[in-house]
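Structural features, examined
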Amino acid sequence: MDNTSYVVSIRAPLNQRHGASDVASQFATGGGRAGAAGINVLPEQAVTQLIDALKQQYQ
């Protein structure tokens, strides 16, 4: 079994400097500040979930 995971850095857009921590906190190892946050261990199977969360936050 492949245990691929990622370290993710999230930066809010310059025109909307909030929401990064809201996205990151949806994941077990995520957190940070409104404008800049991260996820320490994002399993490969959660990448689509992250993309969906980012789209929802910033569309």
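Data block above holds the structure.
Overview of the structure. What you see is a predicted model, and the numbers here were worked out from it, not measured in a lab.

As a further point, take the overall build of the protein chain. For the protein chain, the helix and strand inventory stands at 2 helices and 3 strands. Its helices and strands in sequence order give the protein chain the pattern β-α-β-β-α, from N to C terminus. Here the C-alpha atoms of the protein chain give a radius of gyration of 11 Å, agreeing with the 10 Å that 2.2 N^0.38 yields for 59 residues. For the protein chain, the spread of C-alpha atoms along the three principal axes comes to 40 × 20 × 15 Å. A total of 59 residues make up the protein chain; the buried ones form 29% of that total. A sequence separation of at least 24 residues applies to 53% of the contacts in the protein chain between residues at least 6 apart. Just so you have it, the protein chain exposes about 4,100 Å², and 49% of that area is on carbon and sulfur atoms. For the protein chain, the centre of its 4 positive side-chain charges and the centre of its 4 negative side-chain charges are spaced 16 Å apart.

Bringing the nonpolar core into the picture now. In this structure, Val8, Ile10, Ala20, Val23, Ala24, Phe27, Ala37, Ile39, Leu42, Ala46, Leu50 and Ala53 together form the largest nonpolar core, which totals 12 residues. Those elements giving two or more residues to this core turn out to be β1 (5–11), α1 (20–24), β3 (36–43) and α2 (47–58).

Attention now goes to the sheet that holds β1. Spatial strand order, β1-β3-β2: 3 strands in an open sheet with antiparallel pairing. Looking at which strands have only one partner, the edges of the open sheet turn out to be β1 and β2 (30–32). Between one strand and the next, the sheet's axes are offset by a mean angle of 15°, whatever the strand orientation. Sheet analysis places β1 next to β3, joined by 6 bridges and oriented antiparallel. Bridging from a neighbouring strand, isoleucine 10 pairs with alanine 37 of β3.

Definitions and limits used
Residues numbered from 1 in each chain as written. Predicted model: local features only at pLDDT ≥ 70, side-chain atom pairs only at ≥ 80, totals over all residues. Heavy atoms only, no water. Helix = DSSP H or I, 4+ residues; strand = E, 2+ residues; numbered from the N terminus. Rg over C-alpha atoms; globule rule 2.2 N^0.38 Å. Buried < 20%, exposed > 50% of the residue type's maximum accessible area, 1.4 Å probe, protein only. Contact = heavy atoms within 4.5 Å. Areas by Shrake-Rupley, 256 points an atom, 1.4 Å probe, with all protein chains shown as cover. Lys, Arg positive; Asp, Glu negative; His and termini not counted. Charge placed at Lys NZ, Arg CZ, Asp CG, Glu CD. Core = buried A, V, L, I, M, F, W, Y, C linked by side-chain atoms within 4.5 Å. Pairing = 2+ DSSP bridges. Axes fitted to C-alpha atoms, helices over the stretch in contact; angles between N-to-C directions.

Fair warning: the whole summary comes from geometry, so function is off the table for now.
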